[in-house]
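Residues per chain are reported as follows:
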Amino acid sequence: MAGIKALISLSFGGAVGLMFLMLGCALPVYNKYWPLFLLFFYILSPIPYCISRRMVDDTDSASNACKELAIFLTTGIVISAFGLPVVFARAEVIAWGACALVLTGNVVIFGTILGFFLVFGSNDDFSWQQW
């Protein structure tokens, strides 16, 4: 039952994060849809880690290059997702209020992605590998 509660709370977090992203785009004050390019970052961010989990055997206690590269690439994607709205706001493509809403959505969505891997990342009977 704990898995269902975690899944419901993670889906609620994702919905709240996407709501902040859409508010940053669609409010009549802002009315610019450039921040929707962040959806690519949301999709791309877990991919390196998922690939490294499939390729690497977790029985080795020492760190290996594949896992370190995946963490590095994921960090680069997340940093880029936080930097893009700031670059848009500095170039006056979007307003600073929209930038704040989008950055709030980033925090919530990346927290939700992190929470997903923390809750379902272990290799027990109910894991993310079943999905």
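Nothing here was measured: the structure is a model prediction, and the numbers come from that model. (Residues numbered from 1 in each chain as written. Predicted model: local features only at pLDDT ≥ 70, side-chain atom pairs only at ≥ 80, totals over all residues. Heavy atoms only, no water.)

J.: How should the overall build of the protein be read in this particular structure?
T.: When you go through the protein residue by residue, the secondary structure sums to five helices and zero strands. What you see in the protein, going N to C, is helices and strands ordered as α-α-α-α-α. Buried residues in the protein amount to 31% of all 131 residues. (Helix = DSSP H or I, 4+ residues; strand = E, 2+ residues; numbered from the N terminus. Buried < 20%, exposed > 50% of the residue type's maximum accessible area, 1.4 Å probe, protein only.)

J.: So what exactly am I meant to see when it comes to the nonpolar core here?
T.: Side chains of nonpolar character tend, in soluble globular proteins, to be buried together. Residues Leu21, Leu38, Tyr42, Ala81, Val102, Ile109, Phe110, Ile113 and Phe117 constitute the largest nonpolar core, which totals nine residues. Mapped onto this core, the elements with two or more residues apiece are helix H2 (38-44) and helix H5 (96-120). The element contributing the most residues to this core is H5, with five residues. Grouped together as the second largest cluster of nonpolar side chains are five residues, Phe88, Ala89, Ile94 and Ala98 included. (Core = buried A, V, L, I, M, F, W, Y, C linked by side-chain atoms within 4.5 Å.)

J.: I keep staring at the UniProt feature "transmembrane region" (unreviewed entry) in the protein and nothing clicks. Help me out?
T.: The UniProt feature table records "transmembrane region" (unreviewed entry) at residues 7-30, 36-56, 68-88 and 94-120. For residues 7-30, helix accounts for 83% and strand for 0%, while the C-alpha atoms at its two ends are 33 Å apart. The span residues 94-120 is 93% helix and 0% strand, and its two end C-alpha atoms sit 36 Å from each other. (UniProt positions renumbered as here; feature names shortened; annotations may be inferred.)

J.: Sorry, what's going on with the confidence of the model for the protein here?
T.: Low pLDDT means the predicted coordinates in that region are not meant to be read closely. When pLDDT is averaged along the protein, the result is 87; 86% of the residues meet or exceed 70. Taken element by element, the protein is modelled with least confidence in helix H3 (residues 47-55), mean pLDDT 86, and with most confidence in H2, mean pLDDT 95. (pLDDT = per-residue confidence, 0-100.)

J.: Got a minute to help me understand the packing of helix H4 (residues 65-90) against H5 in this structure?
T.: The packing of two helices is summarised by the inter-axis angle and the distance between the axes. The interhelical angle for the contact between H4 and H5, taken along N-to-C directions, is 170°, at an axis separation of 9 Å. The orientation of H4 relative to H5 falls into the category roughly antiparallel. Contacts from Val78, Ala81, Phe82, Pro85, Val86, Ala89 and Arg90 in H4 reach Trp96, Cys99, Val102, Leu103, Asn106, Val107 and Phe110 in H5. (Axes fitted to C-alpha atoms, helices over the stretch in contact; angles between N-to-C directions. Parallel < 35°, antiparallel > 145°, perpendicular 65-115°, else oblique. Contact = heavy atoms within 4.5 Å.)

J.: What exactly am I supposed to notice about H3 here?
T.: Structurally, the α-helix is built with 3.6 residues per turn, so residues lying three or four positions apart point the same way. Among all positions of H3, only Pro48, Ser52 and Arg53 are buried. All buried residues of H3 fall inside an arc of 135° around its axis, so they share one side. Looking at the buried positions of H3, the neighbouring elements they touch are H2 and H4. (Arc of directions from axis to C-beta.)

J.: Even after reading the chapter, I still don't get the packing of H3 against H4, so can you show me in this structure?
T.: Interaxial distance between H3 and H4 falls to 8 Å at its minimum, and their mutual angle equals 170°. As judged from the angle between their axes, H3 and H4 are roughly antiparallel. For the pair formed by H3 and H4, the contact residues are Pro48, Tyr49, Ser52 and Met55 on the first element and Cys66, Lys67, Ala70, Leu73, Thr74 and Ile77 on the second. Grouping the constituent residues of the contact of H3 with H4 by class yields seven nonpolar, two polar and one charged. (Nonpolar A, V, L, I, M, F, W, Y, C, P; charged D, E, K, R; others polar.)

J.: Any chance you could explain unusual backbone geometry here in plain terms?
T.: Backbone phi values are negative for most residues with the exception of glycine, while trans is the configuration of most peptide bonds. If you check the backbone angles, asparagine 31 has positive phi at about 50° while not being a glycine. Tracing the sequence through the fold places asparagine 31 in the loop between helix H1 (2-26) and H2. Note on asparagine 31: relative accessible area 48%, which makes it partly exposed. One non-glycine residue, glutamate 92, lies in positive phi territory at about 60°. Locating glutamate 92 in the fold gives a position in the loop between H4 and H5.

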